[in-house]
Amino acid sequence: MKYKAILLIGAPGSGKGTQGRIIGQIPNVFYFSCGDVFRELSPRTSLGKTFMEYSSKGQLAPDSLTVDLWRNTIQAKTQSGEFSPEQDVLVLDGIPRNVEQAMLLRDSIDPLMALYLDCPDKNQIIQRLQRRALRENRLDDANVEVIENRLKVFETETRPVLDFYGSDLICKIDSSQPPLKTMYAIAHEMSRALPDY
Ligand code: ADP
């Protein structure tokens with residue numbers, strides 16, 4: 001079966017995690033953050049080492065490894081009963097992050113909508129990430145060069161994912177607004193596109 005999914009797409013610091021966690025509180029909505037799953041890996045495992053190697057430079061982890069990790073984690077969450085594919089819609093934060101991953105996921109997800117969190121002010125993004133670096137002790141947020149590289153990777157690799165899904169699925173949200181206003185805009189779009197939730 002294909003998992004019903006809402007995709008969260010946006011540059012680092014655009015608010016995917018903040019908004020995704022809020023949406024994940026809605027009954028029958030299950031929030032999945034690819035970055036969180038990577039960060040939970042022990043740095044002693046080979047997968048954890050590979051993740052550190054790429055993320056510390058602001059690069060994406062290899063596609064098949066990422067999609068395998070996604071699949072295994074979703075299966076584990078299904079077996080533990082945290083996620084019920086028949087009832088729940090998956091909110092995917094940070095995956096797919098390029099067109100190759102979107103193709104690898106094609107047989108596994110049924111995207112209902114894609115929320116594109118757009119924060120055009122680069123300085124605001126950098127400020128948000130540096131604040132998060134202190135709060136969450138994230139090395140990839142601390143260094144401006146690494147941040148610049150992640151923003152570049154978003155433009156070259158992730159932005160084409162918007163075209164892959166096409167304008168019918170994409171809802172653009174101005175996430176330079178404060179979190180509550182952004183949440184309001186998302187709730188409006190979601191209740192329009194998914195009246196049953
Ligand atoms: P952000 O969106 O703020 O950059 P994430 O927590 O989503 O942060 O991702 C942190 C890092 O984890 C990325 O820079 C990348 O190295 C790795 N990562 C997360 N998701 C993916 C993915 N789908 N494909 C490859 N690498 C990923």
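Residues numbered from 1 in each chain as written. Predicted model: local features only at pLDDT ≥ 70, side-chain atom pairs only at ≥ 80, totals over all residues. Heavy atoms only, no water.

## Some remarks on the pairing of strand S2 (residues 29-33)
Inference 1: Within S2, five of the five residues are buried, which leaves the element mostly enclosed by the surrounding structure.
Inference 2: Burial along S2 is two-sided: the residues Val29, Tyr31 and Ser33 and Phe30 and Phe32 are all buried.
Inference 3: Here S2 pairs with strand S3 (residues 89-93) via five bridges, running parallel. Residue pairing across strands places Val29 opposite Val89, the latter belonging to S3. (Buried < 20%, exposed > 50% of the residue type's maximum accessible area, 1.4 Å probe, protein only. Helix = DSSP H or I, 4+ residues; strand = E, 2+ residues; numbered from the N terminus. Pairing = 2+ DSSP bridges.)

## Regarding the sheet that holds S2
Inference 1: Read across the sheet, five strands follow the order S2-S3-S1-S4-S5 without closing on themselves; strand pairing throughout is parallel. Strands at the two margins of the open sheet, each flanked by one partner only, are S2 and strand S5 (170-174). When strand polarity is set aside, the average angle formed by the axes of neighbouring strands in this sheet is 25°.
Inference 2: Alignment of strand S1 (residues 3-10) against S3, held across four bridges, turns out to be parallel. Bridging from a neighbouring strand, Ile6 pairs with Val91 of S3.
Inference 3: The strands that helix H1 (residues 16-23) touches are S1, S2, S3 and strand S4 (109-118); relative to S2, the one it contacts most, it runs at about 155°. (Axes fitted to C-alpha atoms, helices over the stretch in contact; angles between N-to-C directions. Contact = heavy atoms within 4.5 Å.)

## A short note on the site of the ligand
Inference 1: With respect to spatial proximity, 21 residues lie near the ligand, and among them Lys16, Arg39, Gln59, Gly94 and Arg132 are the closest.
Inference 2: Here an oxygen atom of the ligand and a side-chain polar atom of Arg97 are 2.9 Å apart.
Inference 3: Notes on the ligand: free accessible area 550 Å², of which the protein chains cover 97%.
Inference 4: Among the elements of the structure, helix H2 (34-40) and helix H3 (46-55) are those that each provide at least two residues to the shell around the ligand.
Inference 5: Top contributing element to the shell around the ligand by residue count: H2, with four residues.
Inference 6: A per-class count over the shell around the ligand returns seven nonpolar, seven polar and seven charged. (Near = heavy atom within 4 Å. Polar contact = N/O pair within 3.5 Å; in protein donor to acceptor, adjacent residues only side chain to side chain. Areas by Shrake-Rupley, 256 points an atom, 1.4 Å probe, with all protein chains shown as cover. Nonpolar A, V, L, I, M, F, W, Y, C, P; charged D, E, K, R; others polar.)

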